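Inside the fold
These are the residues of each chain, in order.
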Amino acid sequence: QVQLVESGGGLVQAGGSLRLSCAASGRTFSGYAMGWFRQAPGKEREFVAAISYNGGSTSYVDSVKGRFTISRDNAKNTVYLQMNSLKPEDTAVYYCAAVWASYYSFTQERAGNYDYWGQGTQVTVSS
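In short, a report on the structure. Since the structure is predicted, the reported quantities are computational estimates derived from the model, not experimental observations. (Residues numbered from 1 in each chain as written. Predicted model: local features only at pLDDT ≥ 70, side-chain atom pairs only at ≥ 80, totals over all residues. Heavy atoms only, no water.)

1. Quick notes on the side chain of Arg-38
Checked against the element boundaries, Arg-38 lands in strand β4 (residues 32-39). Within the local environment of Arg-38, its side chain forms a polar contact with the side chain of Ser-63, the two groups lying 3.5 Å apart. One polar contact links Arg-38 to Tyr-94, side chain to side chain, over a distance of 2.9 Å. Beyond its immediate chain neighbours, meaning those up to four positions away, Arg-38 contacts Glu-44, Arg-45, Glu-46, Val-48, Ser-63, Val-64, Phe-68, Glu-89, Asp-90, Ala-92, Val-93 and Tyr-94. (Helix = DSSP H or I, 4+ residues; strand = E, 2+ residues; numbered from the N terminus. Polar contact = N/O pair within 3.5 Å; in protein donor to acceptor, adjacent residues only side chain to side chain. Contact = heavy atoms within 4.5 Å.)

Spelled out as structure tokens, the structure:
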């Protein structure tokens, strides 16, 4: 079992930055691949970024490449999403998710393949 708690959301002007954090419970966090997703009002949940269990592999949706960076600190049981050059279209509730990777290095972009989800944190970017 893994419990995930996101933090770091808020209101920011376009062009600004935020860093989201996702703190995980459990002693086996390092064995999980992690992902960030977002959901805007009236839209489906969208993949944003993913990272392998050891941080060696990452993947991003095209719309955030070059602006967002996913990272993890397994000693702190935490995954991060650094968001720079934010745009109004980045406004959404952001969720982190975990899937057991059995220490195989892969990134997972499909929401349906994740086992655990956080409660979400709101990010609002004003124009």
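2. Topic: the pairing of strand β5 (residues 46-51)
Most of β5 is tucked away, with five of its six residues classed as buried. Note: β4 against β5, five bridges, orientation antiparallel. Its bridge partner being in β5, Arg-38 is matched across the sheet by Glu-46. Between β4 and the antiparallel strand that follows it, β5, lie six residues; Gly-42 among them carries a positive phi value of about 75 degrees. Pairing geometry for β5 and strand β6 (residues 58-60), over three bridges, is antiparallel. Across the sheet, residue Ala-49 finds its bridge partner in β6, namely Tyr-60. Between β5 and β6, which follow one another and run antiparallel, lie six residues, and Gly-55 among them has a positive phi close to 80 degrees. (Buried < 20%, exposed > 50% of the residue type's maximum accessible area, 1.4 Å probe, protein only. Pairing = 2+ DSSP bridges.)

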